[in-house]
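The residues making up each chain are set out below.
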Amino acid sequence: MTRISTDILISGGGVAGLTAAALFGTEGYSVICVDPAPPVTEETAEGADLRSTAFLQPSLAVLKAAGLWDRLAPFATDLQVMRIVDAGGKIPSPRITRDFNATDVSDLPFGWNLPNWLLRREMVRRLEDLPNVDFRPGTATTGVLTRDAEALVDLSDGTKVSARLLIGADGRNSPVREALGIGVRTMRYGQKALAFAVTHSEPHGNVSTEIHRSGGPFTLVPLPDRDGRPCSAIVWMERGPEALRLAALPEAEFNAEMTARSGAIYGPLRLETRRTVWPIISQVAHRMSGERTALIAEAAHVMPPIGAQGLNMSLADLRVLLDLCRAAPNRIGEDPMLDLYHRRRHPEVLARVTGIDLLNRASMQSAQPLRDLRAAGVASLYALKPVRRTLMRLGMGARG
Ligand SMILES: Cc1cc2nc3c(=O)[nH]c(=O)nc-3n(C[C@H](O)[C@H](O)[C@H](O)COP(=O)(O)OP(=O)(O)OC[C@H]3O[C@@H](n4cnc5c(N)ncnc54)[C@H](O)[C@@H]3O)c2cc1C
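About the thresholds
Residues numbered from 1 in each chain as written. Predicted model: local features only at pLDDT ≥ 70, side-chain atom pairs only at ≥ 80, totals over all residues. Heavy atoms only, no water. Helix = DSSP H or I, 4+ residues; strand = E, 2+ residues; numbered from the N terminus. Buried < 20%, exposed > 50% of the residue type's maximum accessible area, 1.4 Å probe, protein only. Contact = heavy atoms within 4.5 Å. Areas by Shrake-Rupley, 256 points an atom, 1.4 Å probe, with all protein chains shown as cover. Lys, Arg positive; Asp, Glu negative; His and termini not counted. Charge placed at Lys NZ, Arg CZ, Asp CG, Glu CD. Polar contact = N/O pair within 3.5 Å; in protein donor to acceptor, adjacent residues only side chain to side chain. Near = heavy atom within 4 Å. Nonpolar A, V, L, I, M, F, W, Y, C, P; charged D, E, K, R; others polar. Pairing = 2+ DSSP bridges. Core = buried A, V, L, I, M, F, W, Y, C linked by side-chain atoms within 4.5 Å. Expected span 1.5 Å × (residues − 1). Bend = angle between axes of the 7 residues up to and from the residue.

Overview of the overall build of the protein
- Across its full length, the protein holds 11 helices and 20 strands.
- The principal-axis extent of the C-alpha atoms belonging to the protein is close to 65 × 40 × 40 Å.
- The buried share of the protein, reckoned over its 400 residues, is 54%.
- In the protein, of all internal contacts separated by at least 6 residues, the share reaching a separation of at least 24 is 74%.
- Summed over all atoms, the accessible surface of the protein reaches about 16,300 Å², with 55% contributed by carbon and sulfur.
- Here the protein contributes 47 positive and 43 negative side-chain charges, whose respective centroids are spaced 6 Å apart.

What to know about the side chain of serine 11
- Structurally, the position occupied by serine 11 is in strand 1 (residues 3-11).
- Within the structure, serine 11 has its side chain in polar contact with the side chain of threonine 141 (distance 2.8 Å).
- Among residues more than four places away in sequence, those in contact with serine 11 are Val34, Thr141, Leu166, Ile167, Gly168, Ala169, Asp170 and Val176.

Concerning the site of the ligand
- Taken together, 30 residues are adjacent to the ligand, and Asp35, Thr141, Glu298, Leu311 and Asn312 come closest.
- One of the backbone N or O atoms of glycine 12 is found 3.4 Å from a nitrogen atom in the ligand.
- At a separation of 3.2 Å, an oxygen atom of the ligand approaches a polar backbone atom of alanine 16.
- When the ligand sits alone it has 1,000 Å² of accessible area, and the protein chains cover 86% of it.
- Among the elements of the structure, helix 1 (15-26), strand 2 (31-35), strand 3 (52-56) and helix 8 (310-327) are those that each provide at least two residues to the shell around the ligand.
- Grouping the constituent residues of the shell around the ligand by class yields 15 nonpolar, 10 polar and 5 charged.

A look at the pairing of strand 11 (residues 160-168)
- Counted residue by residue, strand 11 has 7 buried out of 9 residues, so it is predominantly covered.
- Both strand 1 and strand 11 contribute to a ladder of 8 bridges, which runs parallel. Each residue of the ladder has a partner; that of serine 5, found in strand 11, is serine 162.
- Both strand 10 (residues 150-155) and strand 11 contribute to a ladder of 4 bridges, which runs antiparallel. Paired with aspartate 154 across the two strands is lysine 160, which belongs to strand 11.
- Note that strand 11 and strand 19 (residues 293-295) share 3 bridges and pair parallel. Each bridged residue has a counterpart across the sheet, and for isoleucine 167 the counterpart in strand 19 is alanine 294.

As for the nonpolar core
- Ile8, Ile10, Phe24 and Ile296 are the most contacted members of the largest nonpolar core, which totals 82 residues.
- Per element, the largest residue contribution to this core is 9 residues, and it comes from helix 8.
- When neighbours within four sequence positions are excluded, isoleucine 8 is seen to be in contact with Phe24, Tyr29, Ser30, Val31, Ile32, Ala163, Leu165, Ile167 and Ile332.
- Counting residues in each nonpolar core, the second largest holds 19 residues, with Val207, Phe218, Leu249 and Leu271 among its members.

Some points on helix 9 (residues 335-364)
- Here helix 9 contains 30 residues, and its C-alpha end-to-end distance of 42 Å stays within 8% of the 44 Å for a straight helix at 1.5 Å per residue.
- When the local axis directions of helix 9 are compared, the greatest deviation, roughly 30°, occurs at arginine 345, which is followed within four positions by the proline proline 347.

Shape descriptors only; they carry no functional weight alone.
Okay, structure coming up:
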(Lines give C-alpha, C1' and ligand atoms only; values in the text may rest on other atoms or scores of the structure.)
Protein backbone atom coordinates (compact mmCIF):
# COMPACT_ATOMS: atom_id res chain seq x y z
CA MET A 1 0.00 0.00 0.00
CA THR A 2 1.44 3.41 -1.01
CA ARG A 3 1.44 6.38 1.36
CA ILE A 4 2.32 9.70 -0.24
CA SER A 5 2.79 13.11 1.28
CA THR A 6 1.55 16.38 -0.11
CA ASP A 7 1.17 19.95 1.09
CA ILE A 8 -2.50 20.14 0.13
CA LEU A 9 -5.14 17.57 -0.74
CA ILE A 10 -8.26 18.97 -2.38
CA SER A 11 -11.30 16.71 -2.15
CA GLY A 12 -13.58 17.72 -5.04
CA GLY A 13 -12.80 18.91 -8.55
CA GLY A 14 -15.90 21.03 -9.26
CA VAL A 15 -15.29 24.59 -10.36
CA ALA A 16 -14.27 25.60 -6.82
CA GLY A 17 -11.91 22.63 -6.29
CA LEU A 18 -10.25 23.10 -9.70
CA THR A 19 -9.72 26.80 -8.96
CA ALA A 20 -8.19 25.89 -5.60
CA ALA A 21 -5.84 23.40 -7.30
CA ALA A 22 -4.72 26.01 -9.86
CA LEU A 23 -4.32 28.67 -7.16
CA PHE A 24 -2.24 26.68 -4.68
CA GLY A 25 -0.35 24.96 -7.52
CA THR A 26 0.61 28.35 -8.96
CA GLU A 27 1.71 29.39 -5.47
CA GLY A 28 4.21 26.50 -5.52
CA TYR A 29 2.58 24.03 -3.13
CA SER A 30 2.38 20.33 -3.96
CA VAL A 31 -1.29 19.60 -4.56
CA ILE A 32 -3.39 16.49 -5.14
CA CYS A 33 -6.97 17.08 -6.31
CA VAL A 34 -9.43 14.18 -6.53
CA ASP A 35 -12.97 13.82 -7.85
CA PRO A 36 -14.92 10.65 -8.68
CA ALA A 37 -16.66 12.41 -11.60
CA PRO A 38 -14.31 13.36 -14.46
CA PRO A 39 -15.04 16.96 -15.60
CA VAL A 40 -17.33 17.30 -18.63
CA THR A 41 -15.66 19.88 -20.88
CA GLU A 42 -17.98 20.11 -23.90
CA GLU A 43 -21.32 21.86 -24.02
CA THR A 44 -23.10 19.11 -25.96
CA ALA A 45 -21.73 16.18 -23.91
CA GLU A 46 -23.96 14.22 -21.53
CA GLY A 47 -23.75 15.69 -18.03
CA ALA A 48 -22.36 19.07 -19.15
CA ASP A 49 -22.91 21.85 -16.60
CA LEU A 50 -25.01 24.35 -18.60
CA ARG A 51 -25.02 27.00 -15.90
CA SER A 52 -22.85 30.06 -16.32
CA THR A 53 -20.91 31.94 -13.70
CA ALA A 54 -20.88 35.70 -13.40
CA PHE A 55 -17.51 36.41 -11.79
CA LEU A 56 -17.73 39.64 -9.81
CA GLN A 57 -14.85 42.11 -9.52
CA PRO A 58 -13.15 40.73 -6.38
CA SER A 59 -12.93 37.27 -8.01
CA LEU A 60 -10.67 38.60 -10.73
CA ALA A 61 -7.64 38.75 -8.40
CA VAL A 62 -8.10 35.08 -7.46
CA LEU A 63 -8.45 33.99 -11.10
CA LYS A 64 -5.32 35.97 -11.96
CA ALA A 65 -3.33 34.52 -9.05
CA ALA A 66 -4.38 31.04 -10.23
CA GLY A 67 -3.04 31.75 -13.73
CA LEU A 68 -6.58 31.34 -15.08
CA TRP A 69 -7.70 34.78 -16.13
CA ASP A 70 -5.59 35.02 -19.33
CA ARG A 71 -7.19 31.78 -20.50
CA LEU A 72 -10.72 32.77 -19.55
CA ALA A 73 -10.76 36.44 -20.64
CA PRO A 74 -11.16 35.72 -24.41
CA PHE A 75 -14.41 33.85 -23.67
CA ALA A 76 -15.85 36.21 -21.06
CA THR A 77 -18.77 38.58 -21.61
CA ASP A 78 -18.63 41.92 -19.75
CA LEU A 79 -21.52 42.64 -17.40
CA GLN A 80 -21.95 46.40 -17.28
CA VAL A 81 -25.45 46.85 -15.89
CA MET A 82 -27.48 44.84 -13.38
CA ARG A 83 -31.17 45.43 -14.18
CA ILE A 84 -33.89 44.59 -11.66
CA VAL A 85 -37.37 44.24 -13.13
CA ASP A 86 -40.57 43.74 -11.19
CA ALA A 87 -43.24 42.03 -13.29
CA GLY A 88 -45.46 41.15 -10.36
CA GLY A 89 -48.59 42.94 -11.53
CA LYS A 90 -51.74 41.29 -12.88
CA ILE A 91 -50.05 40.60 -16.23
CA PRO A 92 -46.41 39.40 -16.57
CA SER A 93 -45.04 42.54 -18.19
CA PRO A 94 -42.39 44.78 -16.54
CA ARG A 95 -43.92 47.43 -14.27
CA ILE A 96 -40.77 48.65 -12.50
CA THR A 97 -37.28 48.61 -14.04
CA ARG A 98 -34.18 49.87 -12.24
CA ASP A 99 -30.60 49.81 -13.57
CA PHE A 100 -27.52 49.47 -11.40
CA ASN A 101 -24.70 50.66 -13.68
CA ALA A 102 -21.12 49.65 -12.81
CA THR A 103 -19.91 53.13 -13.84
CA ASP A 104 -21.59 54.49 -10.67
CA VAL A 105 -18.99 52.73 -8.50
CA SER A 106 -16.09 51.65 -10.72
CA ASP A 107 -14.21 51.96 -14.02
CA LEU A 108 -14.58 48.23 -14.61
CA PRO A 109 -17.64 46.15 -15.49
CA PHE A 110 -19.21 44.71 -12.33
CA GLY A 111 -18.51 41.20 -13.58
CA TRP A 112 -17.72 38.79 -16.40
CA ASN A 113 -19.86 35.84 -17.44
CA LEU A 114 -18.56 32.43 -18.54
CA PRO A 115 -20.23 29.06 -19.20
CA ASN A 116 -19.40 26.49 -16.49
CA TRP A 117 -18.48 23.67 -18.95
CA LEU A 118 -15.91 26.04 -20.50
CA LEU A 119 -14.54 26.97 -17.07
CA ARG A 120 -13.88 23.28 -16.42
CA ARG A 121 -12.14 22.86 -19.79
CA GLU A 122 -9.80 25.81 -19.24
CA MET A 123 -9.15 24.92 -15.60
CA VAL A 124 -8.16 21.33 -16.46
CA ARG A 125 -5.81 22.70 -19.16
CA ARG A 126 -4.25 25.06 -16.61
CA LEU A 127 -3.58 22.15 -14.24
CA GLU A 128 -1.74 20.35 -17.05
CA ASP A 129 0.79 23.23 -16.99
CA LEU A 130 1.52 22.72 -13.29
CA PRO A 131 3.88 19.78 -12.61
CA ASN A 132 3.30 20.12 -8.84
CA VAL A 133 -0.46 19.49 -9.22
CA ASP A 134 -1.63 15.88 -9.46
CA PHE A 135 -5.25 15.95 -10.66
CA ARG A 136 -6.94 12.57 -10.34
CA PRO A 137 -10.36 12.54 -12.02
CA GLY A 138 -12.22 9.27 -11.38
CA THR A 139 -10.84 9.02 -7.82
CA ALA A 140 -12.87 9.67 -4.66
CA THR A 141 -11.99 10.52 -1.08
CA THR A 142 -13.08 7.43 0.86
CA GLY A 143 -11.73 8.06 4.36
CA VAL A 144 -10.43 10.94 6.46
CA LEU A 145 -8.59 10.81 9.76
CA THR A 146 -7.02 13.96 11.10
CA ARG A 147 -4.46 14.51 13.80
CA ASP A 148 -2.43 17.40 15.03
CA ALA A 149 0.33 17.12 12.42
CA GLU A 150 -1.52 15.86 9.32
CA ALA A 151 -4.72 14.79 7.61
CA LEU A 152 -4.64 11.15 6.56
CA VAL A 153 -6.85 10.63 3.54
CA ASP A 154 -7.77 7.35 1.84
CA LEU A 155 -8.52 7.46 -1.86
CA SER A 156 -10.65 5.06 -3.89
CA ASP A 157 -7.62 4.07 -6.04
CA GLY A 158 -5.99 2.60 -2.91
CA THR A 159 -3.60 5.51 -2.32
CA LYS A 160 -3.16 6.79 1.22
CA VAL A 161 -2.23 10.46 1.45
CA SER A 162 -0.74 12.49 4.25
CA ALA A 163 -1.56 16.19 3.75
CA ARG A 164 -0.61 19.25 5.76
CA LEU A 165 -3.88 20.86 4.70
CA LEU A 166 -7.05 19.12 3.51
CA ILE A 167 -9.46 21.33 1.55
CA GLY A 168 -13.04 20.04 1.47
CA ALA A 169 -14.44 21.27 -1.87
CA ASP A 170 -16.63 18.21 -2.33
CA GLY A 171 -20.03 19.85 -2.60
CA ARG A 172 -23.17 20.31 -0.52
CA ASN A 173 -23.08 16.72 0.84
CA SER A 174 -19.35 17.00 1.49
CA PRO A 175 -17.85 13.65 2.61
CA VAL A 176 -14.96 15.57 4.21
CA ARG A 177 -17.36 17.69 6.27
CA GLU A 178 -19.23 14.58 7.36
CA ALA A 179 -16.01 12.75 8.26
CA LEU A 180 -15.13 15.67 10.53
CA GLY A 181 -18.57 15.62 12.12
CA ILE A 182 -19.30 19.26 11.21
CA GLY A 183 -23.06 19.86 11.08
CA VAL A 184 -25.05 22.17 8.80
CA ARG A 185 -28.18 24.31 8.96
CA THR A 186 -30.33 23.79 5.86
CA MET A 187 -33.29 25.86 4.61
CA ARG A 188 -35.53 24.40 1.91
CA TYR A 189 -37.84 26.32 -0.41
CA GLY A 190 -39.54 23.56 -2.44
CA GLN A 191 -38.00 25.31 -5.41
CA LYS A 192 -35.89 24.30 -8.42
CA ALA A 193 -33.88 26.22 -11.03
CA LEU A 194 -33.83 25.52 -14.74
CA ALA A 195 -30.51 26.51 -16.36
CA PHE A 196 -29.96 26.71 -20.12
CA ALA A 197 -28.90 29.09 -22.93
CA VAL A 198 -31.14 30.95 -25.39
CA THR A 199 -30.79 33.23 -28.41
CA HIS A 200 -32.98 36.27 -29.05
CA SER A 201 -33.53 38.96 -31.66
CA GLU A 202 -32.73 42.03 -29.50
CA PRO A 203 -29.13 42.58 -28.23
CA HIS A 204 -28.56 42.26 -24.47
CA GLY A 205 -26.26 45.30 -24.41
CA ASN A 206 -24.16 43.68 -21.62
CA VAL A 207 -27.07 44.03 -19.22
CA SER A 208 -27.78 41.24 -16.74
CA THR A 209 -31.51 41.21 -15.95
CA GLU A 210 -33.36 39.70 -12.97
CA ILE A 211 -37.15 39.61 -13.47
CA HIS A 212 -39.32 39.05 -10.39
CA ARG A 213 -42.92 37.87 -10.57
CA SER A 214 -43.58 34.77 -8.42
CA GLY A 215 -41.92 31.40 -7.80
CA GLY A 216 -38.43 33.01 -7.85
CA PRO A 217 -36.39 35.20 -10.22
CA PHE A 218 -35.99 34.70 -13.95
CA THR A 219 -32.44 35.84 -14.75
CA LEU A 220 -30.85 36.51 -18.14
CA VAL A 221 -27.06 36.85 -18.17
CA PRO A 222 -25.21 37.90 -21.35
CA LEU A 223 -23.14 35.39 -23.35
CA PRO A 224 -21.24 35.94 -26.62
CA ASP A 225 -23.37 35.90 -29.80
CA ARG A 226 -24.15 32.47 -31.16
CA ASP A 227 -24.36 31.97 -34.95
CA GLY A 228 -24.79 35.73 -35.30
CA ARG A 229 -27.68 35.96 -32.81
CA PRO A 230 -27.54 37.59 -29.36
CA CYS A 231 -27.29 34.93 -26.68
CA SER A 232 -27.96 34.74 -22.92
CA ALA A 233 -27.70 32.20 -20.13
CA ILE A 234 -30.97 31.82 -18.22
CA VAL A 235 -31.66 30.69 -14.68
CA TRP A 236 -35.41 30.29 -14.16
CA MET A 237 -36.48 29.52 -10.60
CA GLU A 238 -39.94 28.13 -9.84
CA ARG A 239 -41.67 25.95 -7.26
CA GLY A 240 -40.57 22.34 -7.81
CA PRO A 241 -43.62 20.88 -9.65
CA GLU A 242 -43.84 23.90 -11.96
CA ALA A 243 -40.11 23.68 -12.77
CA LEU A 244 -40.49 19.99 -13.64
CA ARG A 245 -43.53 20.75 -15.83
CA LEU A 246 -41.54 23.42 -17.69
CA ALA A 247 -38.54 21.12 -18.10
CA ALA A 248 -40.73 18.51 -19.79
CA LEU A 249 -42.62 20.86 -22.16
CA PRO A 250 -42.17 20.41 -25.93
CA GLU A 251 -39.65 22.97 -27.15
CA ALA A 252 -42.07 25.28 -29.00
CA GLU A 253 -44.37 25.53 -25.96
CA PHE A 254 -41.37 26.08 -23.70
CA ASN A 255 -40.10 28.90 -25.96
CA ALA A 256 -43.52 30.55 -25.78
CA GLU A 257 -43.79 30.24 -21.97
CA MET A 258 -40.30 31.57 -21.30
CA THR A 259 -40.78 34.47 -23.72
CA ALA A 260 -43.94 35.41 -21.78
CA ARG A 261 -42.09 35.02 -18.43
CA SER A 262 -39.30 37.30 -19.72
CA GLY A 263 -41.85 40.00 -20.50
CA ALA A 264 -40.50 39.69 -24.07
CA ILE A 265 -37.77 42.20 -23.18
CA TYR A 266 -35.47 40.76 -25.90
CA GLY A 267 -38.21 39.61 -28.27
CA PRO A 268 -38.92 35.88 -28.73
CA LEU A 269 -36.49 33.61 -26.85
CA ARG A 270 -35.25 30.40 -28.53
CA LEU A 271 -33.83 27.48 -26.54
CA GLU A 272 -30.29 26.57 -27.69
CA THR A 273 -29.21 23.90 -25.20
CA ARG A 274 -30.70 21.16 -23.04
CA ARG A 275 -32.63 22.28 -19.96
CA THR A 276 -30.87 21.29 -16.72
CA VAL A 277 -32.66 21.26 -13.36
CA TRP A 278 -31.02 22.22 -10.03
CA PRO A 279 -32.53 21.86 -6.55
CA ILE A 280 -32.46 25.10 -4.55
CA ILE A 281 -31.55 25.27 -0.86
CA SER A 282 -29.66 27.47 1.52
CA GLN A 283 -27.14 25.76 3.76
CA VAL A 284 -24.32 26.83 6.06
CA ALA A 285 -21.82 24.62 7.85
CA HIS A 286 -21.57 25.26 11.60
CA ARG A 287 -17.81 25.67 11.16
CA MET A 288 -15.63 26.28 8.13
CA SER A 289 -12.59 24.53 9.57
CA GLY A 290 -11.60 21.47 11.55
CA GLU A 291 -8.32 19.83 12.46
CA ARG A 292 -6.00 20.21 9.43
CA THR A 293 -9.08 20.94 7.30
CA ALA A 294 -10.71 23.94 5.59
CA LEU A 295 -14.17 23.72 4.03
CA ILE A 296 -14.78 25.89 0.98
CA ALA A 297 -17.57 26.54 -1.54
CA GLU A 298 -20.72 24.39 -1.35
CA ALA A 299 -19.15 22.16 1.30
CA ALA A 300 -19.42 25.26 3.52
CA HIS A 301 -22.24 27.35 2.03
CA VAL A 302 -25.04 26.93 -0.52
CA MET A 303 -27.59 29.55 -1.52
CA PRO A 304 -30.15 30.27 -4.23
CA PRO A 305 -28.57 31.67 -7.43
CA ILE A 306 -29.49 35.33 -6.89
CA GLY A 307 -27.00 38.13 -7.45
CA ALA A 308 -24.29 35.66 -8.58
CA GLN A 309 -23.04 35.13 -5.03
CA GLY A 310 -22.34 31.36 -4.80
CA LEU A 311 -19.06 30.73 -6.57
CA ASN A 312 -17.89 34.28 -5.91
CA MET A 313 -18.13 33.53 -2.19
CA SER A 314 -16.12 30.36 -2.83
CA LEU A 315 -13.38 32.42 -4.44
CA ALA A 316 -13.51 34.74 -1.43
CA ASP A 317 -12.88 31.64 0.76
CA LEU A 318 -9.83 30.91 -1.39
CA ARG A 319 -8.61 34.50 -1.21
CA VAL A 320 -8.60 34.38 2.58
CA LEU A 321 -6.95 30.93 2.68
CA LEU A 322 -4.24 32.09 0.27
CA ASP A 323 -3.54 35.20 2.34
CA LEU A 324 -3.18 33.08 5.47
CA CYS A 325 -0.86 30.63 3.69
CA ARG A 326 1.26 33.51 2.41
CA ALA A 327 1.49 34.98 5.90
CA ALA A 328 2.96 31.73 7.31
CA PRO A 329 3.92 29.36 4.49
CA ASN A 330 5.60 26.87 6.83
CA ARG A 331 2.58 26.63 9.12
CA ILE A 332 -0.19 25.82 6.67
CA GLY A 333 -2.93 23.67 8.08
CA GLU A 334 -2.04 24.44 11.70
CA ASP A 335 -4.83 25.27 14.18
CA PRO A 336 -4.24 29.05 14.48
CA MET A 337 -4.38 29.51 10.72
CA LEU A 338 -7.53 27.45 10.34
CA ASP A 339 -9.22 29.15 13.30
CA LEU A 340 -8.50 32.48 11.69
CA TYR A 341 -9.92 31.22 8.38
CA HIS A 342 -13.15 30.24 10.13
CA ARG A 343 -13.41 33.54 11.99
CA ARG A 344 -12.72 35.64 8.88
CA ARG A 345 -15.18 33.85 6.63
CA HIS A 346 -18.06 32.52 8.74
CA PRO A 347 -19.74 35.82 9.76
CA GLU A 348 -19.60 37.09 6.18
CA VAL A 349 -20.99 33.80 4.85
CA LEU A 350 -23.84 33.87 7.39
CA ALA A 351 -24.71 37.47 6.46
CA ARG A 352 -24.77 36.77 2.74
CA VAL A 353 -26.76 33.56 3.03
CA THR A 354 -29.31 35.40 5.23
CA GLY A 355 -29.57 38.26 2.71
CA ILE A 356 -30.03 35.96 -0.28
CA ASP A 357 -32.58 33.87 1.66
CA LEU A 358 -34.68 37.04 2.22
CA LEU A 359 -34.42 38.11 -1.42
CA ASN A 360 -35.46 34.65 -2.57
CA ARG A 361 -38.47 34.54 -0.26
CA ALA A 362 -39.52 38.01 -1.51
CA SER A 363 -39.16 36.88 -5.12
CA MET A 364 -41.22 33.71 -4.51
CA GLN A 365 -44.31 35.61 -3.25
CA SER A 366 -47.48 34.88 -5.16
CA ALA A 367 -49.99 36.97 -3.13
CA GLN A 368 -50.64 40.27 -4.95
CA PRO A 369 -50.29 42.61 -1.92
CA LEU A 370 -46.89 41.12 -1.07
CA ARG A 371 -45.76 41.46 -4.68
CA ASP A 372 -46.83 45.12 -4.60
CA LEU A 373 -44.89 45.62 -1.38
CA ARG A 374 -41.80 44.07 -3.01
CA ALA A 375 -42.07 46.42 -6.01
CA ALA A 376 -42.39 49.45 -3.71
CA GLY A 377 -39.33 48.23 -1.76
CA VAL A 378 -37.17 47.99 -4.90
CA ALA A 379 -38.24 51.47 -6.03
CA SER A 380 -37.61 53.16 -2.69
CA LEU A 381 -34.21 51.50 -2.07
CA TYR A 382 -33.13 52.53 -5.55
CA ALA A 383 -34.26 56.11 -5.10
CA LEU A 384 -31.71 56.73 -2.33
CA LYS A 385 -28.38 57.15 -4.11
CA PRO A 386 -26.08 56.29 -1.14
CA VAL A 387 -28.15 53.18 -0.40
CA ARG A 388 -28.05 52.21 -4.06
CA ARG A 389 -24.27 52.57 -4.23
CA THR A 390 -23.77 50.65 -0.99
CA LEU A 391 -26.00 47.84 -2.28
CA MET A 392 -23.99 47.73 -5.50
CA ARG A 393 -20.68 47.53 -3.66
CA LEU A 394 -22.00 44.81 -1.35
CA GLY A 395 -23.52 42.93 -4.27
CA MET A 396 -20.18 43.03 -6.08
CA GLY A 397 -18.55 41.32 -3.12
CA ALA A 398 -17.25 44.17 -0.96
CA ARG A 399 -17.23 43.25 2.73
CA GLY A 400 -20.15 44.49 4.75
C1 LIG B 1 -28.63 27.34 -11.32
C2 LIG B 1 -27.42 27.88 -10.64
C3 LIG B 1 -26.76 29.02 -11.14
C4 LIG B 1 -25.64 29.55 -10.49
N5 LIG B 1 -25.04 30.68 -10.97
C6 LIG B 1 -23.98 31.24 -10.32
C7 LIG B 1 -23.35 32.49 -10.73
O8 LIG B 1 -23.73 33.10 -11.73
N9 LIG B 1 -22.30 32.96 -10.01
C10 LIG B 1 -21.85 32.33 -8.90
O11 LIG B 1 -20.90 32.81 -8.25
N12 LIG B 1 -22.39 31.15 -8.48
C13 LIG B 1 -23.46 30.61 -9.15
N14 LIG B 1 -24.02 29.44 -8.72
C15 LIG B 1 -23.39 28.73 -7.62
C16 LIG B 1 -22.22 27.92 -8.16
O17 LIG B 1 -22.57 27.21 -9.31
C18 LIG B 1 -21.74 26.98 -7.10
O19 LIG B 1 -21.34 27.74 -6.00
C20 LIG B 1 -20.58 26.19 -7.59
O21 LIG B 1 -20.82 25.49 -8.75
C22 LIG B 1 -20.27 25.21 -6.49
O23 LIG B 1 -19.18 24.60 -6.81
P24 LIG B 1 -18.54 23.48 -5.87
O25 LIG B 1 -17.27 23.20 -6.58
O26 LIG B 1 -18.55 23.83 -4.45
O27 LIG B 1 -19.58 22.26 -5.91
P28 LIG B 1 -19.80 21.13 -6.98
O29 LIG B 1 -19.81 21.68 -8.36
O30 LIG B 1 -20.99 20.35 -6.51
O31 LIG B 1 -18.49 20.25 -6.85
C32 LIG B 1 -18.30 19.32 -5.84
C33 LIG B 1 -17.47 18.19 -6.43
O34 LIG B 1 -17.15 17.28 -5.37
C35 LIG B 1 -17.12 16.02 -5.94
N36 LIG B 1 -17.20 14.96 -4.92
C37 LIG B 1 -18.31 14.40 -4.37
N38 LIG B 1 -17.97 13.40 -3.54
C39 LIG B 1 -16.60 13.35 -3.55
C40 LIG B 1 -15.65 12.51 -2.91
N41 LIG B 1 -16.01 11.51 -2.09
N42 LIG B 1 -14.34 12.73 -3.13
C43 LIG B 1 -13.93 13.73 -3.96
N44 LIG B 1 -14.80 14.54 -4.63
C45 LIG B 1 -16.12 14.34 -4.41
C46 LIG B 1 -18.29 16.00 -6.92
O47 LIG B 1 -18.15 14.98 -7.89
C48 LIG B 1 -18.22 17.40 -7.49
O49 LIG B 1 -17.50 17.44 -8.72
C50 LIG B 1 -25.15 28.91 -9.33
C51 LIG B 1 -25.79 27.77 -8.81
C52 LIG B 1 -26.93 27.27 -9.43
C53 LIG B 1 -27.64 26.05 -8.85
